[in-house]
Amino acid sequence: MEKLNSELDKLIDYIKNTKEYKLCIKLKKQMDENDEVKKLISEVKKLQKKYIKSDYDDSIKKELEKKNEELSSIPIYVTYNQTLEKVNEMLEYVKDNLNDYFDNLLN
């Protein structure tokens, strides 16, 4: 079990040292320091909640789409999301392989 933990730690370190992960962390920090981006993200989250609570009111949907378009026009936000998607794909790949490994091992 100790060897397994050691190998998992290596895998985690590998992912943390990828350029995508490092860029993702860097961009997240920059967005956290950008008041415009923080404000828009907060507004989108509020509108998403409002939209669901309103039972999917079309007027709220339009407002939400407008705010999402504003967010999508900010390069750092777009780059962050693209990079985050790549990191999530790496994590999903690892998860799937671990699931397959244990599934084969136990069956």
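Residues numbered from 1 in each chain as written. Predicted model: local features only at pLDDT ≥ 70, side-chain atom pairs only at ≥ 80, totals over all residues. Heavy atoms only, no water.

Student: Give a description of a positive patch on the surface that names residues and reports values.
Tutor: A contiguous patch of positive charge, built from K45, K46, K49 and K53, is present on the exposed surface. Mapped onto the fold, K45 is located in helix α3 (residues 35-53). (Patch = residues over 30% accessible without salt bridge, like charges linked within 9 Å, V, L, I, M, F, W, Y side chains within 5 Å. Areas by Shrake-Rupley, 256 points an atom, 1.4 Å probe, with all protein chains shown as cover. Salt bridge = Lys/Arg side-chain N within 4 Å of Asp/Glu carboxyl O. Lys, Arg positive; Asp, Glu negative; His and termini not counted. Charge placed at Lys NZ, Arg CZ, Asp CG, Glu CD. Helix = DSSP H or I, 4+ residues; strand = E, 2+ residues; numbered from the N terminus.)

Student: Help me get a handle on the packing of aromatic side chains, residues and values and all.
Tutor: Here the structure, examined in full by the defined rule, presents two aromatic pairs. Between the aromatic rings of Y51 and Y56, the centroid separation amounts to 5.1 Å while the plane-to-plane angle is 85 degrees, which identifies the pairing as edge-to-face. Assessed through its relative accessible area of 15%, Y51 is described here as buried. According to the relative accessible area criterion, Y56 is partly exposed, its value standing at 47%. Taken together, a centroid distance of 5.2 Å and an interplanar angle of 75 degrees make the contact between Y101 and F102 edge-to-face. Overall, the relative accessible area of 48% leaves Y101 in the partly exposed class. (Phe/Tyr/Trp six-rings, centres within 6.5 Å; stacked < 30°, edge-to-face > 60°. Buried < 20%, exposed > 50% of the residue type's maximum accessible area, 1.4 Å probe, protein only.)

Student: So what about the pattern of salt bridges? Which residues, and what values?
Tutor: Following the criterion strictly, the structure yields six salt bridges and no others. Here K67 and E43 are joined by a salt bridge, their closest N and O atoms 2.9 Å apart. In this pair, K67 sits in helix α4 (residues 58-72) while E43 sits in helix α3, placing the two residues 24 residues apart along the sequence. Close ionic contact of K95 with E92 constitutes a salt bridge, the shortest N to O distance being 3.4 Å. Of this pair, K95 and E92 both sit in helix α5 (residues 75-106), three residues apart, roughly one helical turn. The class of E92 is partly exposed, set by a relative accessible area of 38%. Salt bridges sharing partners connect three or more residues here, namely K39, E43, K67 and E70.

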